[in-house]
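Below are the chains, spelled out letter by letter.
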Amino acid sequence: MSVTASQSPAPASRRRRRTRIVAGAVLLTLATTACSSLGRTAVGTVSYPVGPDHAISLTSPKVRGCHRVLPTGTSEVFNNTLVDMIMYRTPDCTGKDTTYIGSRLTNNVAPQAPPWRSYSFVH
């Protein structure tokens, strides 16, 4: 038996096909959402000097958690990531004396101010 072009497939097969497409889309969405938060990083680099001749450059650091700067601290930060960050004067990302550094921006500590000792990302 042949079906002419003007005839459409049976309603039951159309429903099954639609159900499969919807189920596939739901599974794909769930898989993408579940994996997106695992190991999320700030794409780009965070750089800061740690002396007159040395600098630290971190590529794609983790977005979550507190990141410590060397014990001596730093007075300048280059945030060349896609995520904003907050600089702290304490080594454990606490305290009220903070500085907000937007993505792809640089900031310096004012003269005579204590150095930054840790940072976290805004997420």
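The rules we used
Residues numbered from 1 in each chain as written. Predicted model: local features only at pLDDT ≥ 70, side-chain atom pairs only at ≥ 80, totals over all residues. Heavy atoms only, no water. Disulfide = S-S within 2.5 Å. Helix = DSSP H or I, 4+ residues; strand = E, 2+ residues; numbered from the N terminus. Pairing = 2+ DSSP bridges. Axes fitted to C-alpha atoms, helices over the stretch in contact; angles between N-to-C directions. Core = buried A, V, L, I, M, F, W, Y, C linked by side-chain atoms within 4.5 Å. Buried < 20%, exposed > 50% of the residue type's maximum accessible area, 1.4 Å probe, protein only. Contact = heavy atoms within 4.5 Å.

Caption draft 1: Quick look at the state of the cysteines. Scanning all chains against the criterion turns up one disulfide. Two residues share a disulfide in this structure: Cys66 and Cys93, whose sulfurs sit 2.0 Å from each other. On the sign convention where negative is left-handed, the bridge of Cys66 and Cys93, at about 85° about the S-S bond, is right-handed. Residue Cys66 is located in the loop between strand S2 (55-59) and strand S3 (67-68), and its partner Cys93 is located in the loop between strand S5 (85-88) and strand S6 (98-101); the two are separated by 27 residues in the primary sequence.

Caption draft 2: Main features of the sheet that holds strand S4 (residues 76-81). Pairing is antiparallel in the open sheet, where four strands are placed in the order S2-S1-S4-S7. Each of the sheet's edge strands pairs with one partner strand only, and the pair in question is S2 and strand S7 (105-108). Each neighbouring strand pair of the sheet contributes to a mean axis angle of 10°, computed without reference to strand direction. Sheet topology note: the S4/S7 ladder contains four bridges and is antiparallel. In the strand pairing of S7, Val77 is matched with Asn107.

Caption draft 3: Quick look at the nonpolar core. Within the largest apolar cluster, 14 residues are counted, with the highest numbers of intra-cluster contacts made by Val46, Tyr48, Val77, Met85, Met87, Tyr119 and Phe121. If you list the elements that add at least two residues to this core, you get strand S1 (44-49), S5 and strand S8 (118-121). With residues up to four places along the chain from it excluded, the contact list for Val46 reads Ile56, Ser57, Leu58, Pro61, Val77, Phe78, Asn79, Thr81, Met85, Tyr119 and Phe121.

Caption draft 4: The arrangement of unusual backbone geometry in detail. At Cys93, a residue that is not glycine, the phi angle is positive and equals roughly 55°. Residue Gln112 is not a glycine yet carries a positive backbone phi of 70°. Inspection of the secondary structure assignment puts Gln112 in the loop between S7 and S8. Under the relative-accessibility criterion, Gln112 is labelled exposed at 83%.

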